[in-house]
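Read off the chains here:
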Amino acid sequence: MTQSRETAEATFAEAFEASLNFKNPEQGELLKGQIVSISGDDAFVSYGGPSEAVMATNELDGLDVGDTVEGTVVKTSPDIRISRKLAKGKASLDLLRQMYENRLPVEAKVAARNKGGFDVSVGGLRAFCPLSQIALGKIDNPDQFIGQSYEFRVTELSDDGRRIVVSRAALLKEANASKAEETRRNIVPGAELTGTIKTITPFGAFVDLGGIDGLLHITDISWGRVNHPSELFQVGDHVRVKVLKFNADTERVSLGLKQITEAFVRITFFDQV
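Computed from a prediction, not measured in an experiment: that's the story for all the values here. (Residues numbered from 1 in each chain as written. Predicted model: local features only at pLDDT ≥ 70, side-chain atom pairs only at ≥ 80, totals over all residues. Heavy atoms only, no water.)

Novice: Can you explain the overall build of the protein? Please cite residues and give values.
Specialist: Scanning the protein from N- to C-terminus turns up four helices and 15 strands. Taken over 273 residues, the protein has a buried fraction of 32%. Across the protein, the fraction of contacts at a sequence separation of at least 24, relative to all contacts at a separation of at least 6, is 55%. Total accessible area computed for the protein in this model is approximately 16,900 Å², and 49% of it derives from carbon and sulfur atoms. (Helix = DSSP H or I, 4+ residues; strand = E, 2+ residues; numbered from the N terminus. Buried < 20%, exposed > 50% of the residue type's maximum accessible area, 1.4 Å probe, protein only. Contact = heavy atoms within 4.5 Å. Areas by Shrake-Rupley, 256 points an atom, 1.4 Å probe, with all protein chains shown as cover.)

This is the structure:
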């Protein structure tokens, strides 16, 4: 009994000390926590503070009690309210500035084309996204983005809020860089990886391995004759390849497909014999 009492007192003391050192989150700050309960329109998220943060249930997108969720603080009083999206129709310039200064992504909808780019609606505020910043690589059909909602980074924000410039490409580059770092650890000669056909040329196909491209040369596609890679592949196809060479300095990767099938051919042949 005494031991249980001492344990309870120690737990209370730790919690009390933590509450003294706790710093209240500020508007625009990113909070991460666990969903502890859902009641009506509100979901309650434990993030390590003395009370739970509140998030609208319509933002959970399938998440449930016990799941981890991340949101931006949009209100600090009387309750701490967090949102996975910039509050639609209620966005203030002050909140957008918080997102800009903290380099936090904002959700926005591409409303229309204009000269040089797109009109983008950020929670009711009008922003501009240059054509080169809506995606990575060549854009063949800009109209495909109209009406779509994406996450953007605010790259420019004037004091009066009349000039707001956003970039989706900036976030995509960061995501690719993070993905490439993970991929880089797996690229070693002899490794078998799954990638996506990114570009097809007369001399081979470039395969996206996850932020890093490798060349599958036409001579390494098949043991038989291949006149053109397009006979076997289309852009977007998934393919299992073997790393033949990797230059870490230039990040040039040579890939092979027939080298994987070689083992299968040999096993099948000797089994038949």
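Novice: Quick one: what's the story with the environment of Leu172, residue by residue and with numbers?
Specialist: Mapped onto the elements of the fold, Leu172 is located in helix 3 (residues 169–186). Note: C-alpha distance between Leu172 and Leu136 (36 residues apart in sequence) is 7.3 Å. Non-local contacts of Leu172, meaning those with residues more than four positions away in its chain, are made with Ala135 and Leu136.

Novice: Which residues make up the pairing of strand 11 (residues 192–201), and what values do they have?
Specialist: Strand direction decides the pairing type here: strand 11 and strand 14 (residues 238–247), joined by five bridges, are antiparallel. Note on strand 14: the bridge partner recorded for Thr194 is Arg240. Summarising the sheet, strand 11 and strand 12 (residues 204–208) pair through five bridges and their orientation is antiparallel. Following the sheet pairing, Thr201 is matched in strand 12 by Gly204. Count of turn residues in the strand 11/strand 12 antiparallel hairpin: two residues. (Pairing = 2+ DSSP bridges.)

Novice: Tell me about the nonpolar core, residues and numbers included.
Specialist: With 21 residues, the main nonpolar core has Val120, Ile134, Phe152 and Val166 as its most contacted residues. Of all the secondary structure elements, the ones that give two or more residues to this core are helix 2 (93–101), strand 6 (106–114), strand 7 (117–122), strand 8 (125–130), strand 9 (149–157) and strand 10 (164–167). Not counting chain neighbours up to four residues away, the residues in contact with Ile134 comprise Val110, Phe118, Cys129, Ile139, Phe145, Phe152 and Arg168. In this structure, Leu209, Ile212, Ile221 and Leu257 belong to the second largest nonpolar core, which totals 20 residues. (Core = buried A, V, L, I, M, F, W, Y, C linked by side-chain atoms within 4.5 Å.)

Novice: Tell me about the side chain of Ser167, and please be specific about residues and values.
Specialist: You can see Ser167 is positioned in strand 10. Its relative accessible area of 2% is what places Ser167 among the buried residues. Among the polar contacts made by the side chain of Ser167, one reaches the side chain of Gln133 at a distance of 2.6 Å. (Polar contact = N/O pair within 3.5 Å; in protein donor to acceptor, adjacent residues only side chain to side chain.)

Novice: Run through helix 3, naming residues and quoting values.
Specialist: In this model helix 3 runs 25 Å from its N-terminal to its C-terminal C-alpha over 18 residues, within 8% of the 26 Å that 1.5 Å per residue would give. Tucked into the core, helix 3 has its buried residues touching strand 9 and strand 10. (Expected span 1.5 Å × (residues − 1).)

Novice: Please give an account of the packing of aromatic side chains that cites residues and values.
Specialist: The full count for this structure, using the stated rule, is four aromatic pairs. Between Tyr150 and Phe152 the ring centres are 6.3 Å apart and the planes differ by 80 degrees, which places this aromatic pair in the edge-to-face class. A residue is classified by how much of its surface remains accessible, and Tyr150, at 17% relative accessible area, is buried. Ring centres of Phe203 and Phe206 lie 6.2 Å apart, and the angle between their planes is 90 degrees; on these two criteria the pair is classed as edge-to-face. Given a relative accessible area of 28%, Phe206 falls into the partly exposed group. Taken together, the ring pairs connect Phe118, Phe145, Tyr150 and Phe152 into an aromatic cluster. Lying over the aromatic face of Tyr150, Arg168 brings its terminal NZ or CZ to 4.0 Å of the ring centre. (Phe/Tyr/Trp six-rings, centres within 6.5 Å; stacked < 30°, edge-to-face > 60°. Lys NZ or Arg CZ within 6 Å of the ring centre and 35° of its normal.)

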